[in-house]
Amino acid sequence: MRETGESELRVPFTFVAPEDWGAGIGGHPLGVWVADQRRYHRERARWTPSA
């Protein structure tokens, strides 16, 4: 993972959280989750009526 210095965090699509992160996120495909969140946000923004 790498911070860009802006408001975006770059997470490779294939990144999986290490098991030792604990708290129920160890082993979770974090890269997939971030990509999904970005896609959902784009879709929501596209279908939200503007004022």
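Residues numbered from 1 in each chain as written. Predicted model: local features only at pLDDT ≥ 70, side-chain atom pairs only at ≥ 80, totals over all residues. Heavy atoms only, no water.

Trainee: Could you give an account of the packing of aromatic side chains, naming the residues involved and the relevant values?
Mentor: Inspection of every chain in the model, using the stated rule, returns 1 aromatic pair. Judged by centre distance (6.0 Å) and plane angle (50°), the ring pair of Phe15 and Trp21 falls under tilted. (Phe/Tyr/Trp six-rings, centres within 6.5 Å; stacked < 30°, edge-to-face > 60°.)

Trainee: Account for the environment of Val16, with residues named and values stated.
Mentor: As for its position among the elements, Val16 is in the loop between strand 2 (9–10) and helix 1 (30–47). Expressed as a C-alpha distance, the spacing of Val16 and Gly26, which sit 10 residues apart in the sequence, is 8.0 Å. Contact partners of Val16, with chain neighbours within four places excluded, come to Gly27, His28, Pro29 and Leu30. (Helix = DSSP H or I, 4+ residues; strand = E, 2+ residues; numbered from the N terminus. Contact = heavy atoms within 4.5 Å.)

Trainee: Tell me about the confidence of the model for the protein chain, residues and numbers included.
Mentor: Across the protein chain, the average pLDDT comes to 80, with 76% of residues at 70 or higher. For the protein chain, the element scoring lowest by mean pLDDT is strand 1 (residues 2–3), at 56; helix 1 scores highest, at 85. (pLDDT = per-residue confidence, 0-100.)

Trainee: Break down the pattern of salt bridges for me, citing the residues and quoting the values.
Mentor: Applying the stated criterion to the full structure yields 1 salt bridge. One salt bridge in this structure joins Asp36 and Arg39, with 3.1 Å as the shortest N-O distance. Highlighted residues: Asp36 and Arg39, both in helix 1, separated by 3 residues, approximately one helical turn. By relative accessible area, which is 38% here, Arg39 ends up partly exposed. (Salt bridge = Lys/Arg side-chain N within 4 Å of Asp/Glu carboxyl O. Buried < 20%, exposed > 50% of the residue type's maximum accessible area, 1.4 Å probe, protein only.)

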